[in-house]
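Secondary and tertiary structure notes
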Amino acid sequence: MADLDDLFHLDQYGGPESLAELCFQVICKNLDIISVKDKCEYRNLLKGVVFPSEICDKLIEYVLRNDPNEDHDRFFTIFKNVWITKLKRVKVVGSNITDDSVQILANHKLLRLELTDCPNLTDQSIDYINANAENLHTLICRGTSVIIPEKLTAYQKQGYVFKIPNLRTLALEYVPICALEYNILLAGLTNLTNLDLSNSFDVGIFDFFHLIPNLVSLVLYNVKIISQAQAFVNNICHLKNLRHLDISQINPEDGVFTNPNTILSDIVNGLPQLTSLDISGTNLAGIEIVNRAIQTVEHSFYSDMYNNLCDIPGLISRVDRPLQFLGLYGANDAPCRRRNIPAKLIAGNANEDQILVAAHVYMNNKEDLMLKVISDLYQIYRYENCHRMDQALCAVLEAMEKYPTQKDIQISGSAALFYIVKMKEKGELEARLKKRIVRTLLIGMSIHKNEETMMRNGCLTLYQFRLPQDVMSHYETLVKLLLHLANNAQQESYVQRIGIFLLNTLACQVTGREKRLLGNLGCIKTMLELIKYRVESRTFDDVMEVAWSTMWNVTDETPINCQRFFEENGMPLFYRCVMQYSRKEELLKNMMGLLGNVAEVQSLRVHLMQLPYMVVFTNLIRNVRESIEVPYNAVGILAHIASDGVEAWTIEKPSRDVVLELMVEAIERWDISSERNINYRSFLPLLRLVDIYHTPQCQHWAVWALANLTTVYPHKYCILVIREGGLEKLNTLISDARPYERIKELAHIVIENCSHYSSNSNDMNVHSPLDEDYIYSSDG
């Protein structure tokens, strides 16, 4: 086994993705690039296309990862022609393939075949494998890929199950046969060097030596042997080449041996080549000798010198020749915490290093133990006792990727991820690594989206990233999950709250395409339902504020979402909120910001021209408030309505002239140097009002807004005025006789601010701080 420093590496996730990886990703998402479907939806490679094994092997891996729920039998027909495709090493994990696909794969005369968690396979696959097995050196069937029948009666006559003469490695989990039938199961496999029978039912006193004498590695994880322990030990001690032995247990009750010190001593003394031993979950480490002066009969024959150097009685003979690896995870009497252990690497839970060793050793084939390991990692990082952060991050990600359907691994893993990512400096996380973390979290959240703890952990971890930039490659998936959370989580729960906050963040700094996607996925409807519940139950919380803020962001320069707001009966809810929460400044700001976006859409302004709403807008500009945001947006709404002309004003009271007068009074109360809690991506809505000469009050509000923003935030907004042709419009306004003098004074302020900004800029074409804000920021 490698040194501890070599167990996990994040180096492979540093730097940009290779061209080959990008090509595989594109092909897997668009299989029509390389194949066509027949009438039955089975795929066939396009004529003229020939793929070597280096491409074919990887293609299977990427396709299975990209779409685990697809009918994979229809995909594997791509490899039916062995002359134009070539497979050598195939790994199929978590697939719905049937025996038909195994036949296609076997026809390639593979070197290695792994079938893990493929529940639709039967013993028919054995015949297909045997028929093309001359090159096969590794066969792995784990998890639900149980291809061995309960009885081997059908194989009695031929005298064997597998006819694979060159097989070196065989892994068969959950073998249901009785001990006597192992003679048939392993018959003819004389070249076998690695055997894994984890979770099998009954090995009994089977003598491995007669059939497979060359074993180097024997794994009997979770196989009960305590009832015939001494006979078992006597048998395996004939395997003089054995270097790795695993007799660990998940349930400590199945690992309680009589005379454990003697059993362990007989094993290590009878296997001279042994360098790796796993006795996790058993009592074979014995009881630590606290008082060295008191010796039991069982180990009294060892010298006092060796006793003082070893705290595991059965391993005293290995003091001068320590094991390379020793598994003590979950063993009785916590031997991993003892001081003198003759092993270089130890899997246990005494410290971070031991847990990481356990994660490495148990990653591929011990799902239940991995759950405990990941839980232990979480407990360590929860209290920030992390010294091997990169290795920990890699271990957690690998575990979550290998066991996506294991709810508890996903929950503990996502919790550990939260603390690891939180402790790491943001600059330390490479773009590819961020993408991998996000993808892993979203897979777990998608599978377990109704598990509140998983959703909470995922949301909190994602909040550690730069949003929305770091999740853009999975934007739609994340939005769907958050909307599901908002719709299905218990009202007023913490997980609903964190989900809504995250959704608002995703809506805040994206362009029109993402905003339209949010609307298409039902964001407006979901937000209104959350608000309706709170209005009807007279509950006020920050979720209500954030729900309005989310709609403010989603409707920014997105007319279709503004229309959805009306179609989902948003205006009656707006009115009820104003009536119930007239003193909630932040809530009013968010609601008026949203209606400000709506008012920018000319076809929708007719819905605002109703007496109750116009009274609300008018009252909001009359009241003097600490912040100008609410009256600012109220005046803006009225300015857009007034810009449609006298004929569009269809109510008698409040009259158009009164409202225009109130607008001017409100604007003149505001400090031109007021700091703002608002972001503009574009000034085009304001600049359109600059052209409304028939109603100068509309121009007044628009030009005041430009003067305020370029005065307080010149570095951010002067360039925006310049880019969008604002200076030309303002110069035209100044030279026109219709606007009154105050409007022209404000226009001069804007022009002077932009001139001063330009003179202080070395080069107007270089990247400025505005560029990112211009692309990503939005109102609200």
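About the cut-offs
Residues numbered from 1 in each chain as written. Predicted model: local features only at pLDDT ≥ 70, side-chain atom pairs only at ≥ 80, totals over all residues. Heavy atoms only, no water. Helix = DSSP H or I, 4+ residues; strand = E, 2+ residues; numbered from the N terminus. Rg over C-alpha atoms; globule rule 2.2 N^0.38 Å. Buried < 20%, exposed > 50% of the residue type's maximum accessible area, 1.4 Å probe, protein only. Contact = heavy atoms within 4.5 Å. Lys, Arg positive; Asp, Glu negative; His and termini not counted. Charge placed at Lys NZ, Arg CZ, Asp CG, Glu CD. Expected span 1.5 Å × (residues − 1). Arc of directions from axis to C-beta. Polar contact = N/O pair within 3.5 Å; in protein donor to acceptor, adjacent residues only side chain to side chain. Salt bridge = Lys/Arg side-chain N within 4 Å of Asp/Glu carboxyl O. Pairing = 2+ DSSP bridges. Right-handed = clockwise from strand over helix to strand, strands pointing away. Patch = residues over 30% accessible without salt bridge, like charges linked within 9 Å, V, L, I, M, F, W, Y side chains within 5 Å. Areas by Shrake-Rupley, 256 points an atom, 1.4 Å probe, with all protein chains shown as cover. pLDDT = per-residue confidence, 0-100. Phe/Tyr/Trp six-rings, centres within 6.5 Å; stacked < 30°, edge-to-face > 60°. Lys NZ or Arg CZ within 6 Å of the ring centre and 35° of its normal. Core = buried A, V, L, I, M, F, W, Y, C linked by side-chain atoms within 4.5 Å. Axes fitted to C-alpha atoms, helices over the stretch in contact; angles between N-to-C directions. Parallel < 35°, antiparallel > 145°, perpendicular 65-115°, else oblique. Left-handed = near helix turned anticlockwise from the far one by under 90°. Nonpolar A, V, L, I, M, F, W, Y, C, P; charged D, E, K, R; others polar.

With that settled, consider the overall build of the chain. A tally of helices and strands in the chain yields 34 helices and 12 strands. The C-alpha atoms of the chain give a radius of gyration of 35 Å, which is well past the 28 Å a tight globule of 780 residues would have. Overall, the chain is about 110 × 75 × 55 Å in size when its C-alpha atoms are taken along their principal axes. Taken over 780 residues, the chain has a buried fraction of 56%. In the chain, once contacts between residues fewer than 6 apart in sequence are set aside, the share between residues at least 24 apart is 72%. Each charge sign in the chain was given a centre, from 76 positive and 94 negative side chains, and these centres are 2 Å apart.

Let us look at helix H28 (residues 656-669). For H28, built from 14 residues, the straight-helix expectation of 20 Å at 1.5 Å per residue is met to within 8% by its first-to-last C-alpha distance of 20 Å. All of the buried residues along H28 are Arg 656, Val 659, Leu 660, Leu 662, Met 663, Ala 666 and Ile 667. The arc that holds every buried residue of H28, seen down its axis, measures 160°, which confines them to one face. What points out from H28, more than 90 degrees from its buried face, is the exposed set Asp 657 and Glu 661. Elements that come into contact with the buried residues of H28 comprise helix H26 (611-622), helix H27 (629-642) and helix H30 (696-712).

Glancing now at helix H22 (residues 542-555). The first and last C-alpha atoms of H22 sit 20 Å apart over 14 residues, in line with the 20 Å expected at 1.5 Å per residue. Within H22, 13 of the 14 residues are buried, leaving the element largely enclosed by the surrounding structure. At the N-terminal boundary of H22, the capping side chain belongs to Asp 541, with an oxygen 3.2 Å from the backbone nitrogen of Val 543.

As a further point, take the pattern of salt bridges. One pass over the structure, following the stated rule, counts 29 salt bridges. Glu 401 is the partner of Arg 436 in a salt bridge, and the nearest nitrogen-oxygen pair spans 2.7 Å. In this pair, Arg 436 sits in helix H16 (residues 431-447) while Glu 401 sits in helix H14 (residues 389-402), placing the two residues 35 residues apart along the sequence. For Glu 401, a relative accessible area of 32% corresponds to the partly exposed category. Here Asp 542 and Arg 497 are joined by a salt bridge, their closest N and O atoms 2.7 Å apart. Here Arg 497 lies in helix H19 (residues 494-508) and Asp 542 lies in helix H22, a separation of 45 residues in the sequence. Judged by relative accessible area, Asp 542 falls into the partly exposed class, the value being 25%. What emerges from the salt-bridge pattern is a single network uniting Asp 246, Asp 278 and Lys 366.

Relative to the helices and strands, Leu 264 resides in helix H10 (residues 260-270). Along the primary structure Leu 264 and Glu 567 are separated by 303 residues, whereas in three dimensions their C-alpha atoms are 75 Å apart. Contacts of Leu 264, omitting those with residues within four sequence positions, involve Leu 277, Ile 279, Leu 284, Ala 285, Ile 312, Gly 314 and Leu 315.

Taking burial as the measure, the 5 residues of strand S5 (residues 138-142) include 5 buried ones, the bulk of the element. With burial as the criterion, each face of S5 is covered, one bearing Thr 138, Ile 140 and Arg 142 and the other bearing Leu 139 and Cys 141. Examined bridge by bridge, strand S4 (residues 112-116) and S5 share 5 bridges and lie parallel to one another. Bridged to Leu 115 within S5 is Cys 141. Regarding the hand of the β-α-β motif, the stretch spanning S4, helix H5 (residues 124-131) and S5 is right-handed. Where S5 meets strand S6 (residues 169-172), 4 bridges bridge the pair, whose relative direction is parallel. Note on S6: the bridge partner recorded for Thr 138 is Thr 169.

Now for a nonpolar patch on the surface. On the surface, a cluster of nonpolar side chains totalling about 270 Å² of accessible area is made up of Val 146, Tyr 174 and Phe 201. With a relative accessible area of 34%, Val 146 lands in the partly exposed category.

Let us look at the confidence of the model for the chain. Averaged over every residue, the pLDDT of the chain is 89; the share at 70 or more is 92%. A low-confidence stretch, residues 292-305 stays under pLDDT 50, and its non-local contacts, those more than four residues away or across chains, total 20 contacts. Note on residues 762-780: pLDDT is under 50 here. Beyond four places in sequence and across chains, it has 52 contacts.

What follows deals with the packing of aromatic side chains. Remark: the centre distance and the inter-plane angle together describe each pair of aromatic rings, the angle taken between the planes. What the rule picks out here adds up to 20 aromatic pairs. An angle of 75° between the planes, with centres 6.3 Å apart, marks the rings of Tyr 329 and Tyr 362 as edge-to-face. Of this pair, Tyr 329 sits in the loop between strand S11 (323-327) and strand S12 (343-347) while Tyr 362 is found in helix H12 (residues 352-362), placing the two residues 33 residues apart along the sequence. Note on Tyr 329: relative accessible area 4%, which makes it buried. For Tyr 362, a relative accessible area of 0% translates into the label buried. Measuring from ring centre to ring centre gives 5.4 Å for Phe 683 and Tyr 717, while their planes differ by 35°; the resulting arrangement is tilted. Taken together, the positions of Phe 683 in the loop between H28 and helix H29 (684-690) and Tyr 717 in helix H31 (residues 714-723) put the pair 34 residues apart, joining distant regions of the chain. Residue classification places Phe 683 among the buried residues on the basis of a relative accessible area of 0%. Note that Arg 74 overlies the ring of Tyr 42, its terminal NZ or CZ placed 5.1 Å from the centroid. The ring of Phe 540 has Lys 584 lying over it, and the distance from NZ or CZ to the ring centre is 4.6 Å.

For the rest of this paragraph, the subject is the nonpolar core. By size, the foremost hydrophobic cluster in this structure holds 173 residues, and its most contacted members are Trp 548, Phe 574 and Phe 617. For Trp 548, the residues in contact, after removing those within four places along its chain, are Ile 531, Phe 565, Gly 570, Leu 573, Phe 574, Cys 577, Leu 587, Asn 590, Met 591 and Leu 594. Listed in part, the 97 residues of the second largest apolar core include Val 92, Val 161, Ile 177 and Cys 336.

The next point concerns the packing of H16 against helix H17 (residues 452-462). Each packed pair of helices is defined by two parameters, the angle between the axes and the distance between the axes. Relative to each other, H16 and H17 sit at 160°, their axes nearing to 10 Å. One way to sum up the angle between H16 and H17 is to call them roughly antiparallel. Crossing handedness for the pair H16 and H17: left-handed. Of the residues in H17, those touching H16 at Val 438, Leu 441, Leu 442, Gly 444 and Met 445 are Met 454, Met 455, Gly 458, Cys 459, Thr 461 and Leu 462. Residue composition of the contact of H16 with H17, grouped by class: 8 nonpolar, 3 polar and no charged.

Moving on, we get to the side chain of Ser 125. Looking at the element boundaries, Ser 125 is found in helix H5. Beyond its immediate stretch of four places on either side in the chain, Ser 125 contacts Asp 99, Val 102 and Ile 147.

Strands sit in the order S3-S4-S5-S6-S7-S8-S9-S10-S11-S12 across an open sheet of 10 strands; the sheet is parallel. Sheet topology places strand S3 (89-93) and S12 at the edges, where each strand pairs with a single neighbour. Across the sheet, the mean angle from the axis of one strand to that of its neighbour is 5°, orientation sign disregarded.

Among the secondary structure elements, Asp 196 is positioned in strand S7 (residues 194-196). Here Asp 196 falls in the buried class, since its relative accessible area comes to 6%. Other than its neighbours up to four places away in sequence, Asp 196 contacts Arg 142, Leu 170, Ala 171, Leu 172, Val 219 and Asn 365.

The subject of this paragraph is the environment of Asp 542. Placed 337 residues apart in sequence, Asp 542 and Ile 205 show a C-alpha to C-alpha distance of 66 Å. Setting aside chain neighbours within four positions, we find Asp 542 in contact with Arg 497 and Phe 501.

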